[in-house]
Each structure stands twice: as C-alpha cells, then as structure tokens.
Amino acid sequence: PAWMKTSGKLKGGHIRGLDTAANASEKRVAQAWARSFVKFADLMADEGIEFWGLTLQNEPESGRIGSFNQNYVTSDEERKLLDMVGPLMRKRYP
C-alpha cells in the first residue's frame, strides 16, 4: 500500500521503517508489512493452499524500473524484513 512506502505512491519507494533512521511509528509500519506475509499465508491456508517457502521480493530490480506498482528493497532492508517475517512465520507455521 502507498501509505506504507517512503514514496507515498504505489510506484517506487521503499518500505517505511526499514531504514536506520526510522522512528518508532515508521518501524510499526515495517512490522505491519511483515505481519502481512503471515496473513497472506493464513488466507491461502484457509483455501487449502500450503507453502513450502515464500520470497520477500519477487523482482529485485523492479523498484528501479517504475513502470508498475512495486517497491525497491535493498539487501540491508531485505535482511531487516526477513528478521521480522522469519520469527512470525516460524511461530505460526513451525
């Protein structure tokens, strides 16, 4: 969602709250983004679809193109996001 991105738009930008200067409010945005991965897996499980794995970003260079809805995640940001998503997914799907 645009409100969760530094650009404030669907195209471009980074996930708010993953940069080192993020304040507590912005970090809550990144945590909500991480929880959305678990919610996605929950919704799929409700439909009988199980996952053996998920990626945090399917088109790593897409944020540089800007021709469709996407965000750019640096390797450092992806690691921070993984550190948020990983424990949540392991807790919910051991």
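The structure reproduced in this document is the subject of the present report. (Residues numbered from 1 in each chain as written. Predicted model: local features only at pLDDT ≥ 70, side-chain atom pairs only at ≥ 80, totals over all residues. Heavy atoms only, no water.)

**Considerations on the packing of helix 1 (residues 24–46) against helix 2 (residues 75–92)**
Piece 1. Running from N to C, helix 1 and helix 2 cross one another at 35 degrees; their axes reach a closest spacing of 9 Å. The handedness of the crossing between helix 1 and helix 2 is right-handed. Facing helix 1, whose interface residues are Ala 30, Gln 31, Trp 33, Ala 34, Arg 35, Phe 37, Val 38, Ala 41 and Asp 42, helix 2 presents Leu 81, Met 84, Val 85, Leu 88, Met 89 and Arg 92.
Piece 2. Classifying every residue of the contact of helix 1 with helix 2 by side-chain character gives 11 nonpolar, 1 polar and 3 charged. (Axes fitted to C-alpha atoms, helices over the stretch in contact; angles between N-to-C directions. Helix = DSSP H or I, 4+ residues; strand = E, 2+ residues; numbered from the N terminus. Left-handed = near helix turned anticlockwise from the far one by under 90°. Contact = heavy atoms within 4.5 Å. Nonpolar A, V, L, I, M, F, W, Y, C, P; charged D, E, K, R; others polar.)

**Structural notes on the packing of aromatic side chains**
Piece 1. Under the definition given, this model contains 1 aromatic pair.
Piece 2. Both rings, one in Phe 40 and one in Phe 51, keep their centres 5.5 Å apart while their planes meet at 40 degrees; by these two values the pair is tilted. You can see Phe 40 sitting in helix 1 and its partner Phe 51 sitting in the loop between helix 1 and helix 2, a full 11 residues away along the chain.
Piece 3. Residue classification places Phe 40 among the partly exposed positions, given a relative accessible area of 38%.
Piece 4. Taking the relative accessible area as the measure of exposure, Phe 51 reaches 37% and is therefore partly exposed.
Piece 5. If you follow Arg 92 out to its NZ or CZ, it ends over the ring of Tyr 93, 5.3 Å from the centre. (Phe/Tyr/Trp six-rings, centres within 6.5 Å; stacked < 30°, edge-to-face > 60°. Buried < 20%, exposed > 50% of the residue type's maximum accessible area, 1.4 Å probe, protein only. Lys NZ or Arg CZ within 6 Å of the ring centre and 35° of its normal.)

**Brief notes about the pattern of salt bridges**
Piece 1. Summed over all chains, the structure comprises 2 salt bridges.
Piece 2. A salt bridge links Arg 92 to Asp 42; the nearest nitrogen and oxygen atoms lie 3.0 Å apart. Separated by 50 residues along the polypeptide, Arg 92 in helix 2 and Asp 42 in helix 1 bring together distant segments of the chain.
Piece 3. Ionic pairing is found between Asp 83 and Arg 79, a salt bridge with its closest N-O pair at 3.5 Å. (Salt bridge = Lys/Arg side-chain N within 4 Å of Asp/Glu carboxyl O.)

**Details of the layout of surface pockets**
Piece 1. Its boundaries defined by the atoms lining it, the second largest pocket holds a volume of some 290 Å³.
Piece 2. Looking at the second largest pocket, it is lined by 16 residues, and the ones nearest its centre are Phe 51, Trp 52, Gly 53, Leu 54 and Met 89.
Piece 3. For the lining of the second largest pocket, the elements supplying multiple residues, two or more each, are helix 1 and helix 2.
Piece 4. Per-class residue counts for the lining of the second largest pocket are 12 nonpolar, 3 polar and 1 charged. (1 Å grid on protein atoms, 1.4 Å probe; cavity = no way out; pocket = protein on both sides within 12 Å on 5 of 7 lines; lining within 4 Å. Points joined across faces, edges and corners; volume = space filled by probe spheres on them.)

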